[in-house]
Every structure is written in structure tokens, then in C-alpha cells.
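Residue strings, one per chain:
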Amino acid sequence: MECAAQAEPGALTMNATTETRRTDWIRNKFSPELIYRIWQQFDGRRWSQRHEWLNMDGTTRMDDWIDGAAGWCLGSMPASQAI
């Protein structure tokens, strides 16, 4: 998954609320049993992201947030649309 869509200049300012987006579920092409999606946050200055893993039994596991991202992942959508 390429994360290269930059935020529009002025879309969020330092005083804006944090925006959260996520991708659809992605099946790892090298290990098809690994299914994940990427969650990202941007507060107007800093980017953070984490992975959510879908286990074979249907449960999920969320990684901790890490600092940094190049921009929104292509195809990401607002977290409010998360299923």
C-alpha cells in the first residue's frame, strides 16, 4: 500500500481537531493469511499511523501509534466510515 497522497495545504491548521482516516482491509500478497488495514492521524502538524490486524478467527489486534507518515494512504477514508 503506497502512502503518497499529501494533505492539501491549509486543510488543517494547528488549531484544528485531529483527523483520522483508515484504509480498507488489505491482504498481504506474500502471506495471504495476513490481513490488515492502516489507520492514520494528522493534527495539522504531525502524522501518526498504526496497523490493525484481522485474525483468522475474526478478532482484531491494533498496534500502537507510531510517529510519521508521508501523507494519507491512497484510498483512505475518514474513520467515521469504518466498518
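Summary of the structure given here. (Residues numbered from 1 in each chain as written. Predicted model: local features only at pLDDT ≥ 70, side-chain atom pairs only at ≥ 80, totals over all residues. Heavy atoms only, no water.)

## Comments concerning the overall build of the protein chain
The secondary structure content of the protein chain amounts to zero helices and seven strands. Ordering the α and β elements of the protein chain from the N terminus gives β-β-β-β-β-β-β. A buried classification covers 27% of the 83 residues belonging to the protein chain. Across the protein chain, the fraction of contacts at a sequence separation of at least 24, relative to all contacts at a separation of at least 6, is 46%. (Helix = DSSP H or I, 4+ residues; strand = E, 2+ residues; numbered from the N terminus. Buried < 20%, exposed > 50% of the residue type's maximum accessible area, 1.4 Å probe, protein only. Contact = heavy atoms within 4.5 Å.)

## Quick word on the side chain of R22
Along the chain, R22 turns up in strand 1 (residues 19-22). The buried category is assigned to R22, whose relative accessible area is 1%. A polar contact of 3.1 Å, which involves the side chain of R22, links it to the side chain of D24. (Polar contact = N/O pair within 3.5 Å; in protein donor to acceptor, adjacent residues only side chain to side chain.)

## Remarks on the pattern of salt bridges
Going through the model one piece at a time under the given rule, you end up with five salt bridges. Residue R37 pairs with E52 through a salt bridge whose shortest N-O separation is 2.7 Å. Pair noted here: R37 is in strand 3 (residues 35-42) and E52 is in strand 4 (residues 47-54), with a separation of 15 residues, a long-range link. Each member of the pair, R37 as well as E52, is classed as buried. When the shortest N-O distance is used, the salt bridge between R46 and D43 registers 2.4 Å. Residue class for R46 comes out partly exposed when judged on its relative accessible area of 48%. The class for D43 is buried, based on a relative accessible area of 15%. (Salt bridge = Lys/Arg side-chain N within 4 Å of Asp/Glu carboxyl O.)

## Considering the packing of aromatic side chains
Given two aromatic rings, their pairing is described by the distance between the two centres and the angle made by the two planes. By the definition in use, this model includes four aromatic pairs. Between Y36 and W53, the aromatic rings sit 5.5 Å apart at their centres with planes inclined by 45°, giving tilted as the arrangement. Of this pair, Y36 sits in strand 3 while W53 is found in strand 4, placing the two residues 17 residues apart along the sequence. Members of the aromatic cluster, joined through ring pairs, are F42, W47 and W72. (Phe/Tyr/Trp six-rings, centres within 6.5 Å; stacked < 30°, edge-to-face > 60°.)

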